[in-house]
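Take a look at the letters that make up each chain.
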Amino acid sequence: NILGSGLVSGGVANISFDPVVEPDQILVTVTAFNHMPYQGPVDVIVSQGPYVILSSHQLDDAAGNNNQLADYGENILMNLTLENVGPVLAPNVSATLSTGSSDITITQNQALYGDIAESSEVTQNGAFAFKVADFIADQAVVLFDIALNSDGVVWNYTVPVTLHAPKLEAQSEFDLADDL
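Residues numbered from 1 in each chain as written. Predicted model: local features only at pLDDT ≥ 70, side-chain atom pairs only at ≥ 80, totals over all residues. Heavy atoms only, no water.

Draft legend 1. A look at the pattern of salt bridges. Within this structure, the stated rule accounts for 1 salt bridge. With a shortest N-O distance of 3.8 Å, lysine 131 and aspartate 134 are connected by a salt bridge. (Salt bridge = Lys/Arg side-chain N within 4 Å of Asp/Glu carboxyl O.)

Take a look at the structure:
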């Protein structure tokens, strides 16, 4: 469905369309003569009530080799920053982590954030904790599901994390002889 269209004047295009009544994502397309079209998603929020988003995440493997990567056999902490982009306070915010991957053992899956004021961010270092299995495929991607809850209103996000393991390669006798 096309919600609206407009022409750019002075670098700005004003587009009017019927209000979106449920949080959603719309696809914006920008075109120009003899140019490749640009398409990108835009999150649409309802301008009433809180709306908490996962602003950023960071892996903390200080207990391992401290390279901010999820390596085999490491215990990892996940730092999480949440932002309330809604126009009112988000009360009693909590976050829950889950995954269906057998390569991960979650050791801390719940983080409590309390109230998050409108238009503000809150970071919690070590919000979640998990252990990467000792034997994993190098470059496997684990999908973590994060559910944010504010008094029964839930927002769901998926965070991909790439796992790292040594990559062993065999050399032939001739290659070994050259190395000696």
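And the narrative resumes.
Draft legend 2. Summary view of the sheet that holds strand β5 (residues 75–84). Spatially, β3-β5-β9-β7 is the arrangement adopted by the 4 strands of the open sheet, whose pairing is antiparallel. Each having just a single partner strand, β3 (52–60) and β7 (104–108) make up the two edges of the open sheet. When strand polarity is set aside, the average angle formed by the axes of neighbouring strands in this sheet is 35 degrees. Note that β3 and β5 share 8 bridges and pair antiparallel. Among the inter-strand pairings, valine 52 is bridged to a residue of β5, identified as asparagine 84. (Pairing = 2+ DSSP bridges. Helix = DSSP H or I, 4+ residues; strand = E, 2+ residues; numbered from the N terminus. Axes fitted to C-alpha atoms, helices over the stretch in contact; angles between N-to-C directions.)

Draft legend 3. Main features of the packing of aromatic side chains. Considering all chains together, one arrives at 2 aromatic pairs under this definition. Their ring planes at 65 degrees and their centres at 5.7 Å tell us that tyrosine 51 and tryptophan 155 sit as a pair that is edge-to-face. A residue pair is termed long-range when its members are at least 10 positions apart, and tyrosine 51 in the loop between β2 (38–44) and β3 and tryptophan 155 in strand β11 (residues 153–164) qualify at 104 residues. The pair tyrosine 51 / tryptophan 155 is uniform in exposure class, with both members buried. The interplanar angle of 40 degrees and the centroid separation of 4.8 Å between the aromatic rings of phenylalanine 130 and phenylalanine 144 together place this pair among those described as tilted. Separated by 14 residues along the polypeptide, phenylalanine 130 in strand β9 (residues 120–132) and phenylalanine 144 in strand β10 (residues 141–150) bring together distant segments of the chain. When its relative accessible area of 1% is taken as the criterion, phenylalanine 130 is described as buried. (Phe/Tyr/Trp six-rings, centres within 6.5 Å; stacked < 30°, edge-to-face > 60°. Buried < 20%, exposed > 50% of the residue type's maximum accessible area, 1.4 Å probe, protein only.)

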